[in-house]
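# A closer look at the structure
In case you want the letters, here they are:
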Amino acid sequence: MRIYFEGYQYPQDAIVPCLTDKETCNLIVPVKYGDKGRYVEHIGYLFVTGKDYSGPLFLLPKSFLQIDQSDPEGKLTLLGMPGIAPEGIIDTEDPDNILTAQGHETFLPELSLWLFRAMTRYREDCIKENDEDSLEDLNYITPDNNSRDRDFLSTAVRLIDYLSDHRNLFTQINKINNSGRAAVDWHKTIQQHPFIKDGKPYYLDLRIKDKAVNIDEELIVLYYSVLKYLRDKFHFPIVLGDIPYDLKSPSEIQRYLDTGVGKRKMRDMKGKYFRDDLKNLWYLLDAFFTFNTSRDDKSPIKEALVVTDFEKVFEKMVDHLIGDAGKLADLKNQKDGKLVDHIYLDKSLIGKQYNIYYIGDSKYYQDGSHPEGVSLYKQFTYARNAIQYNIDQFYLKHKKNPNAIRYRDDETDGYNITPNFFISPRIEVGNLDFTTPSFVPTDWLPKPNKHFEDRLFDRDTLLLREYNINLIFLIAAYGAYEDCWTSTLRTTIREDMIALLNKLYVFFEVVPEPIPLYSGNTKVGEIPFINYHYNRLRGKIYKVDDDSKSLLIAFERETRAGKDDLQDVRDNIVISISGGSIDTPIKLEA
């Protein structure tokens with residue numbers, strides 16, 4: 001197997017021969033010139049028949065290369081690990097490969113397999129969702145027109161998955177086929193001359209009942225031998241377990257592929273299986289040997305599943321992990337032509353009895369880069385459009401609101417807070433973990449969009465947050481169809497945004513009283529609290545629930561405007577409240 005990284009500049013003789021078609025002498029994918037070497041911009045999987053190499057080749061995202069902090073020149077290495085330069089890990093089968101020497105020989109093959117699974121699902125999702133733009137960027141080639149999903153890697157993945165799904169089957173077949181195999185065949189044994197001692201015959205050479213090779217076991221031995229070949233040759237992460245059979249060597253399986261022996265064996269075994277699971281296994285092995293048998297120069301194997309814009313893949317992976325993929329079309333496709341990456345309905349940041357739309361945008365940046373300029377403007381626009389859409393639906397057109405969506409409090413004219421965020425890939429130095437999201441907020445906090453100081457509940461006050469997610473985990477989770485992380489990640493976002501509000505603002509809860517009006521000593525009426533203090537509290541006050549008697553007041557914690565406004569409120573509304581306190585802050589709770 002060969003591994004290259006998107007955008008990394010290799011010496012010409014390290015990349016061009018592998019990507020030059022043996023038949024046509026043309027490049028299989030474009031290899032561009034850089035000031036330090038040659039590089040590719042595609043990401044994905046190829047089965048190449050090149051001048052110097054024939055076999056699977058992977059083009060991995062550039063994000064997996066990070067600066068080696070111990071290197072004085074700041075060179076890029078795999079996950080920033082010292083000394084693991086891309087040039088030294090191209091050939092995963094090379095015993096001198098740096099990763100092999102460090103005991104990590106399975107990492108890149110496993111990552112490559114997960115990338116292929118993710119790309120395969122990406123293609124399926126694009127077709128299912130009629131995403132024509134993304135499909136146009138996807139280059140998908142199979143060995144011939146009748147072999148869809150029977151290419152080398154698709155078949156290898158299915159063979160690997162078959163093992164985890166059918167371990168009990170193999171154990172059961174082995175027990176059945178070996179039951180009685182060690183029993184003594186007395187009919188044959190007593191035909192021999194016994195040893196006589198004390199008048200008793202002793203038969204020293206017991207004849208054992210020995211069955212012929214079972215046709216089921218022949219298939220299973222071949223299957224396990226292929227798995228061993230995939231594990232030993234390509235370092236795919238395959239745990240075979242205890243195997244009660246003598247397996248064929250990887251070199252013998254390679255000979256089966258090189259000479260077509262494997263293909264002929266599968267034809268000889270065809271039609272001998274009646275169980276559905278064994279027929280399926282025969283089908284997979286037949287595909288493996290038939291479509292991966294070495295070809296002559298006139299018909300080399302050609303397979304591809306690559307993209308040039310991995311940001312689209314990253315976006316879809318994130319959307320299926322946290323968004324409501326395929327839903328909320330009216331909100332994703334906004335009237336001004338803008339397309340929201342991720343949007344979903346979840347509990348409001350303030351008042352969990354109500355819901356609100358969370359809006360996210362994927363940014364496939366290298367570590368350390370942050371959105372700026374147009375990206376920030378567009379993200380604030382997404383939020384404004386979502387607010388207006390819901391105001392139109394539930395406040396102006398008065399449509400039914402079965403999901404308890406609340407964007408505005410009519411009594412205070414305060415607007416609920418719209419959760420708005422970016423998600424970018426995260427690569428940790430030396431982290432080879434496929435199972436942990438490492439979904440965390442970054443230290444970068446974009447400047448809020450606002451028209452006025454110290455008005456959290458104003459319609460035009462919009463906050464933004466940025467999160468990183470472990471790209472290795474994301475690829476594996478998406479490729480494994482593990483959408484079960486949605487609830488966990490959404491909870492993380494909500495809890496973090498509430499913590500951010502508590503950090504940026506100080507909150508108070510008060511129970512207001514109307515302000516009485518007197519003529520002389522006679523009370524002649526009263527003015528509602530909100531009307532009386534409207535200018536003082538505009539944009540700072542919000543009623544969490546229509547039935548609540550209390551009001552929530554927020555002030556910017558660190559700004560001069562926030563501190564001055566808080567003091568002004570303390571000086572002027574104390575006599576207008578009957579409960580709660582403007583002196584004792586509260587914290588928002590998740």
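Description of the structure in this document. In this text, all values refer to a predicted model and were calculated from it rather than measured experimentally. Counting of residues starts from 1 at the beginning of each chain's written sequence and follows it residue by residue. With the structure being a predicted model, the display of local features is reserved for residues of pLDDT at least 70 and the display and counting of side-chain atom pairs for 80 or more, all residues being used for whole-chain, interface and lining totals. Side-chain numbers here rest on the full set of heavy atoms in the structure, without hydrogens or water.

## Quick look at the pattern of salt bridges
As a reminder, the rule being used: By salt bridge we mean one thing: a side-chain nitrogen of Lys or Arg within 4 Å of a carboxyl oxygen of Asp or Glu. Under the scheme used here, helices are H or I runs from DSSP no shorter than 4 residues and strands are E runs no shorter than 2 residues, and both carry numbers assigned from the N terminus. Type-normalised accessible area, obtained with a 1.4 Å probe on protein chains alone, sets the label of each residue: buried when under 20%, exposed when over 50%, and partly exposed for intermediate values.
Under the counting rule described, the total for this entry stands at 31 salt bridges. Residues Glu-252 and Arg-255 are paired through a salt bridge, measuring 3.9 Å at the closest nitrogen-oxygen approach. Of this pair, Glu-252 and Arg-255 both sit in helix α8 (residues 250–259), separated by 3 residues, roughly a single helical turn. A residue is classified by how much of its surface remains accessible, and Glu-252, at 27% relative accessible area, is partly exposed. Lys-523 is the partner of Glu-526 in a salt bridge, and the nearest nitrogen-oxygen pair spans 3.3 Å. Judged by its relative accessible area of 46%, Glu-526 is partly exposed.

## Some points on the packing of aromatic side chains
Applied cut-off: Any two of the Phe, Tyr and Trp rings considered here, Trp counted by its six-membered ring, make a pair once their centres fall within 6.5 Å; the pair's planes then place it as stacked at under 30 degrees, edge-to-face at over 60, or tilted in between. We count a charge as sitting over a ring when the NZ of a lysine or the CZ of an arginine lies within 6 Å of the ring centre and within 35 degrees of the ring normal.
Taken as a whole and judged by the stated rule, the model has 24 aromatic pairs. Where Phe-421 meets Tyr-467, the ring centres are 5.9 Å apart and the plane angle is 75 degrees; that geometry is what we call edge-to-face. Highlighted residues: Phe-421 in strand β16 (residues 420–426) and Tyr-467 in strand β18 (residues 465–470), separated in sequence by 46 residues. Given the relative accessible area of 0%, Phe-421 is considered buried. Above the ring of Tyr-53, the side-chain terminus of Arg-2 is found at 3.9 Å from the ring centroid. Here the basic side chain of Arg-123 rests over the ring of Tyr-140, its NZ or CZ set 3.8 Å away from the ring centre.

## Some words on unusual backbone geometry
Unusually for a residue other than glycine, Leu-79 sits at a positive phi of about 55 degrees. Along the chain, the position of Leu-79 falls in the loop between β7 (76–78) and α2 (98–101). When its relative accessible area of 0% is taken as the criterion, Leu-79 is described as buried. For Ser-438, which is not a glycine, the phi torsion comes out positive at approximately 50 degrees. What makes Ser-438 buried here is its relative accessible area of 15%.

## Some remarks on the pairing of β16
The following threshold applies: Paired strands, as defined in this entry, are two strands with at least two bridges between them according to DSSP.
Burial within β16 is extensive, with 6 of its 7 residues counted as buried. Pairing geometry for strand β13 (residues 355–362) and β16, over 4 bridges, is parallel. Residue Ile-359 lies in a different strand from β16, and its bridge partner there is Asn-420. Pairing of β16 with β18 involves 6 bridges; the strand directions are parallel. Across the sheet, Pro-425 pairs through a bridge with Ile-469, a residue of β18.

## Observations regarding the environment of Tyr-357
The test is simple: Should any heavy atoms of two residues lie within 4.5 Å, those residues are considered in contact.
If you trace the backbone, Tyr-357 turns up in strand β13. A sequence separation of 26 residues divides Tyr-357 from Ala-383, and the C-alpha atoms of the two residues are 9.0 Å apart. With residues up to four places along the chain from it excluded, the contact list for Tyr-357 reads Leu-328, Leu-331, Ile-343, Tyr-344, Leu-345, Asn-390, Ile-405, Tyr-407, Thr-418 and Pro-419.

## Looking at the nonpolar core
What counts, and what does not: To define a nonpolar core, start from buried Ala, Val, Leu, Ile, Met, Phe, Trp, Tyr and Cys residues and group those joined through side-chain atoms within 4.5 Å.
If you look at the biggest cluster of nonpolar residues, it comprises 148 residues, and the most contacted ones within it are Phe-5, Phe-64 and Leu-78. Apart from the residues within four sequence positions on either side, Phe-64 is in contact with Phe-5, Thr-77, Leu-78, Leu-79, Leu-111, Ile-427, Leu-471, Ile-472 and Ile-475.

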